[in-house]
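Structure at a glance
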Amino acid sequence: IAVVDKSRCTPIPLVSAAKPGDKVKAVWVNTIKEGTVTKIDAGIGRVFIKFDVDGKEKAVSFGEVMK
């Protein structure tokens, strides 16, 4: 957690507009990392992302992903 100027902040949308194949930024181990969307399950509000950091797929909630 850090204190930063409000003008440097970008809100993460509650509903993701990402589609499979999109490059996104998402929560990964308490940080924000880049990855590629592999699939979306809107019924449970999850986006499956293959993160660039480790190459593994992880499911994250809609409110943790931004394009």
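Everything in this summary refers to the structure shown in the same document. Small disclaimer: the values here were computed from a predicted structure and weren't measured. (Residues numbered from 1 in each chain as written. Predicted model: local features only at pLDDT ≥ 70, side-chain atom pairs only at ≥ 80, totals over all residues. Heavy atoms only, no water.)

Topic: the nonpolar core
In summary, soluble globular proteins display a tendency toward joint burial of nonpolar side chains. Core analysis: the biggest nonpolar cluster contains 11 residues, these being Ala 18, Val 24, Ala 26, Trp 28, Val 37, Val 47, Ile 49, Phe 51, Val 60, Phe 62 and Val 65. Within the residue set of this core, elements represented by two or more residues are β1 (23–28) and β3 (46–51). When residues no more than four places from it in sequence are discounted, the contact partners of Phe 51 are Ala 26, Val 27, Trp 28, Lys 33, Glu 34, Gly 35, Lys 56 and Lys 58. (Core = buried A, V, L, I, M, F, W, Y, C linked by side-chain atoms within 4.5 Å. Buried < 20%, exposed > 50% of the residue type's maximum accessible area, 1.4 Å probe, protein only. Helix = DSSP H or I, 4+ residues; strand = E, 2+ residues; numbered from the N terminus. Contact = heavy atoms within 4.5 Å.)

What to know about the pairing of β1
Where a strand is regular, its side chains alternate between the two sheet faces. With 6 bridges joining them, β1 and strand β2 (residues 31–41) adopt antiparallel strand pairing. Residue Trp 28 lies in a different strand from β2, and its bridge partner there is Thr 31. If you look at the hairpin formed by β1 and β2, you'll find 2 residues sitting between the two strands, and Val 29 has a positive phi there, around 50°. For β1 and strand β5 (residues 65–66), the ladder comprises 2 bridges, and the chain directions are antiparallel. Across the sheet, residue Lys 25 finds its bridge partner in β5, namely Met 66. (Pairing = 2+ DSSP bridges.)

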